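# Structural overview for review
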Amino acid sequence: MKTFTKLALCTAVAASFAILPSGASAQSTVAYPEKCKSKSMKTDMSKMDMSGGMPMGDMTEYEKASMDGMKDMHMNMMQGMMKKDADVSFVCGMIAHHMGAISMSEVELKYGDNEEAKQMAKKVIETQKKEIEEMSKWVDKEAK
């Protein structure tokens, strides 16, 4: 029953976030720590439809890139949430959240045309990567 409850919670969270536009794939630039991943969640989550029922064919390239990033971020966040240790769960969730910010920024750099927005995106990438590095070191040391 616990596994079913966890899967139901993850499905509900995924559905609620899947319709929000966000970033591209920060996975290409920053790796989600292995200790944050949940072995049982990987299989279950790979089967989930994260599109929220949105017709992907009607989306622009920008919207598709944003949706891909959002999907990656939420899959990682849900894995982090399943950790038994509240501190590890928080830090793993924040790593995934920061990866989402990087992903959004990468999409802005690729598709945006406003220089001020692009400068903000560059700053986000720089600061979030540093914080991810610090949090990943903490996870390596503290997560069992």
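The preceding data block contains the structure.
Below or above, wherever it landed, is the structure these notes cover. (Residues numbered from 1 in each chain as written. Predicted model: local features only at pLDDT ≥ 70, side-chain atom pairs only at ≥ 80, totals over all residues. Heavy atoms only, no water.)

Along the backbone of the chain there are 5 helices and 0 strands. Each helix and strand of the chain, placed in order from N terminus to C terminus, yields the pattern α-α-α-α-α. When the 144 residues of the chain are sorted by exposure, 40% land in the buried category. When the accessible area of the chain is evaluated, it comes to approximately 8500 Å², of which 58% is carbon and sulfur surface. (Helix = DSSP H or I, 4+ residues; strand = E, 2+ residues; numbered from the N terminus. Buried < 20%, exposed > 50% of the residue type's maximum accessible area, 1.4 Å probe, protein only. Areas by Shrake-Rupley, 256 points an atom, 1.4 Å probe, with all protein chains shown as cover.)

Close contact between helix H3 (residues 61–81) and helix H4 (residues 86–111) brings their axes to 8 Å; oriented N to C, the two are set at 170°. As summarised for this structure, H3 and H4 are arranged roughly antiparallel, according to the angle between their axes. Here H3 contributes Glu61, Tyr62, Ala65, Ser66, Gly69, Met73, Asn76, Met77, Gly80 and Met81 to the contact with H4, which in turn contributes Ser89, Cys92, Gly93, Ala96, His97, Met99, Gly100, Ser103, Val107 and Tyr111. Of the residues belonging to the contact of H3 with H4, the class tally is 10 nonpolar, 9 polar and 1 charged. (Axes fitted to C-alpha atoms, helices over the stretch in contact; angles between N-to-C directions. Parallel < 35°, antiparallel > 145°, perpendicular 65-115°, else oblique. Contact = heavy atoms within 4.5 Å. Nonpolar A, V, L, I, M, F, W, Y, C, P; charged D, E, K, R; others polar.)

Scanning the entire structure with this criterion turns up 1 aromatic pair. Plain terms: the ring middles of Tyr62 and Tyr111 are 6.1 Å apart, the flat faces sit at 80° to each other, and that makes the pair edge-to-face. Pair noted here: Tyr62 is in helix H3 and Tyr111 is in helix H4, with a separation of 49 residues, a long-range link. For Tyr111, a relative accessible area of 32% corresponds to the partly exposed category. (Phe/Tyr/Trp six-rings, centres within 6.5 Å; stacked < 30°, edge-to-face > 60°.)

A few words on the pattern of salt bridges. If you walk through the whole model with that rule in mind, you get 5 salt bridges. One salt bridge connects Lys141 with Glu142, and the closest N-O pair in it is separated by 3.6 Å. Among the residues examined, Glu142 registers a relative accessible area of 31% and is labelled partly exposed. (Salt bridge = Lys/Arg side-chain N within 4 Å of Asp/Glu carboxyl O.)

A few words now on the state of the cysteines. On inspection of all chains with the given rule, the structure shows 1 disulfide. Two residues share a disulfide in this structure: Cys36 and Cys92, whose sulfurs sit 2.0 Å from each other. Disulfide Cys36 to Cys92: torsion about the S-S bond roughly -80°, handedness left-handed. Taken together, the positions of Cys36 in the loop between helix H1 (2–17) and helix H2 (39–46) and Cys92 in helix H4 put the pair 56 residues apart, joining distant regions of the chain. Each member of the pair Cys36 and Cys92 is classed as buried. (Disulfide = S-S within 2.5 Å.)

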